[in-house]
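So you can see what is in the structure, the chains are spelled out below.
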Amino acid sequence: MADPVLAPVVGGTKPLPVAGVLLDIDETLVDLEGAMYQALREVTAPYAALTEAGWVTLCDTFGRQSEDIYDRYVAGEITFAEQRVLRAERSLAAVGAAFPDGAAAAAWLATYETVQPRYVRAFDDVTPLLDALDAAGIPYGAVSNNVHDYQRAKLDQAGLARIGVLVGIDAVGVAKPHPAIFREGLRLLGTSAGATVYVGDNPGHDVVGAAGAGLRGIWLNRTGRELPEDVASSVTEQITSLGEIPALIGLA
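The sections below set out a description of the structure shown in this document. (Residues numbered from 1 in each chain as written. Predicted model: local features only at pLDDT ≥ 70, side-chain atom pairs only at ≥ 80, totals over all residues. Heavy atoms only, no water.)

1. Details of the packing of aromatic side chains
By the definition in use, this model includes nine aromatic pairs. Among the aromatic residues, those joined into a ring-pair cluster are Tyr47, Phe62, Phe99, Trp108 and Tyr112. Stacked on the ring of Phe62, the Lys or Arg Arg87 has its end atom at 4.4 Å from the ring centre. The cationic tip of Arg222 hangs over the ring face of Phe123; the distance from NZ or CZ to the ring centre is 3.7 Å. (Phe/Tyr/Trp six-rings, centres within 6.5 Å; stacked < 30°, edge-to-face > 60°. Lys NZ or Arg CZ within 6 Å of the ring centre and 35° of its normal.)

Structure below.
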C-alpha cells in the first residue's frame, strides 16, 4: 500500500489517512443522462414528431425537470415503473404530445426498459480513477438512491463489475441524504467516516448528506452548473472530473 494519504484538517483536529472512497453512480460513474436521452429518442419517436429543439426539451424534461417525480419514488410513494411513465407523460406534454391511452403508455414503458440498458456507459474518467485507487490499495464502493439489484446490473452493463461494494436504498430503508445509507457504505467498506471521501453530482444529497454522516464530501460538477444557494456554504470542494480525485487525496 502507498504511504497514508492525509485528509484535510477539520476544526483543528489531526488529519486522518484517506482509507476509502465512496461514489454516487448515476452521472458520477455512469452516464445515465446520455443513456436516457438516446433511449428516449428511439422509443418515443412513434408518439411525437419533433424538431431537434423539441427533442432537447423532451429529454431535459424527462431528466432534470422531473427530479420531483423521482423523489416520490425514492420516498416510496410510487413504484419505479410509475415514476417512469409519469416522467414520460410530463415530457410529452412539454412538447404538445401525449400517449393516446394507457395501453400505449404501458407499451412505451416495456420498450424503454428493454432499450435503455443498451446505452449505459461509464464515463471515461472512471477506470483511471479506479486503477489509481487499486494501485494505492484504497478500497472503494458506491452508494446510490436506487435499489441494489437495479444498480448492480447497471454497473455491470457499464463494465464496472470491479466495484464490489454497493449500497442501494433497499439496504437500510432510507435514501441520501440520510446518514444511515452512507454509514452502511462505510460498514461494507470497513473504513471510518473521517477517513473516507464521498464523491457525487448532487451537492445536497451527495455532498451535504455525506458531510452529515461525517465523510468528506466532494461535488462532481461535470457541466459547470451553478451551486445552489441553499447549499453553497456547505460545499467546499468541487471538481469537474474524477481525474482530479487522486490529486485531492494525495495520490498524484
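The discussion continues.
2. Some points on the environment of Asp134
As for its position among the elements, Asp134 is in helix H6 (residues 126–136). Take Asp134: its relative accessible area is 42%, and that puts it in the partly exposed class. (Helix = DSSP H or I, 4+ residues; strand = E, 2+ residues; numbered from the N terminus. Buried < 20%, exposed > 50% of the residue type's maximum accessible area, 1.4 Å probe, protein only.)

3. A word on helix H4 (residues 80–94)
Compared with the 21 Å implied by 1.5 Å per residue over 15 residues, the 21 Å span of H4 between its first and last C-alpha is a close match. Considered for burial, the residues of H4 that qualify are Phe80, Gln83, Arg84, Val85, Arg87, Ala88, Ser91 and Leu92. Summarising the contacts, the buried residues of H4 are in contact with helix H1 (32–44), helix H2 (52–62), helix H3 (67–74), helix H5 (102–115) and helix H7 (148–157). Looking one or two residues beyond H4, the residue adopting positive phi is Gly96, at roughly 75 degrees. (Expected span 1.5 Å × (residues − 1). Contact = heavy atoms within 4.5 Å.)

4. With respect to H6
Inspection of H6 places Val126, Leu129, Leu130, Leu133 and Ala136 among the buried residues, and these make up the whole buried set. Buried residues of H6, viewed axially, fall in a sector of 130 degrees; they line one side. Considering only its buried residues, H6 is in contact with strand S1 (20–23), strand S2 (140–143) and helix H11 (245–248). (Arc of directions from axis to C-beta.)

5. Re the packing of H3 against H4
Between H3 and H4, the shortest axis-to-axis distance is 9 Å and the interhelical angle comes to 170 degrees. What the angle tells us is that H3 and H4 run roughly antiparallel. Judged by the sense of rotation from one axis to the other, the crossing of H3 with H4 is right-handed. Each of Asp68, Ile69, Tyr70, Arg72 and Tyr73 in H3 lies in contact with H4, whose residues at this interface are Phe80, Gln83, Leu86, Arg87 and Arg90. Classifying every residue of the contact of H3 with H4 gives five nonpolar, one polar and four charged. (Axes fitted to C-alpha atoms, helices over the stretch in contact; angles between N-to-C directions. Parallel < 35°, antiparallel > 145°, perpendicular 65-115°, else oblique. Left-handed = near helix turned anticlockwise from the far one by under 90°. Nonpolar A, V, L, I, M, F, W, Y, C, P; charged D, E, K, R; others polar.)

6. Focus on the environment of Arg222
With respect to the element layout, Arg222 can be found in the loop between strand S5 (216–220) and strand S6 (238–239). Through-space distance from the C-alpha of Arg222 to that of Ala135 is 25 Å; in sequence the pair is 87 residues apart. Setting aside residues up to four positions removed in sequence, Arg222 forms contacts with Glu27, Thr28, Phe123, Asp125, Thr240 and Leu242. Engagement of the side chain of Arg222 in a polar contact is seen with the side chain of Asp125, the distance being 2.8 Å. (Polar contact = N/O pair within 3.5 Å; in protein donor to acceptor, adjacent residues only side chain to side chain.)

7. Notes on the nonpolar core
Nonpolar side chains in soluble globular proteins generally cluster together in the buried interior. Ranked by size, the top nonpolar core spans 30 residues in total, and within it Leu29, Leu160, Val199 and Leu242 carry the most contacts. Of all the secondary-structure elements, those providing two or more residues to this core are S1, H6, S2, strand S4 (196–200) and S5. Ranked by the residues each element gives to this core, the list is headed by H6, at five residues. Beyond its immediate sequence surroundings of up to four residues, Leu160 is in contact with Leu29, Val30, Ala122, Val126, Leu130, Arg152 and Leu155. Residues Leu58, Phe62, Leu109 and Tyr112 belong to the second largest nonpolar core, which totals 22 residues. (Core = buried A, V, L, I, M, F, W, Y, C linked by side-chain atoms within 4.5 Å.)

8. A few points about the pattern of salt bridges
Per the counting criterion, the structure on display carries 13 salt bridges. A salt bridge links Glu237 to Arg216, with the shortest nitrogen-to-oxygen separation between them at 2.6 Å. Here the residue Glu237 occupies a position in the loop between S5 and S6, and Arg216 occupies one in strand S5, the gap between them amounting to 21 residues. Arg216 gets classed as buried once you look at its relative accessible area, which sits at 13%. Through salt bridges with shared partners, a single network forms among Asp24, Lys176 and Asp206. (Salt bridge = Lys/Arg side-chain N within 4 Å of Asp/Glu carboxyl O.)

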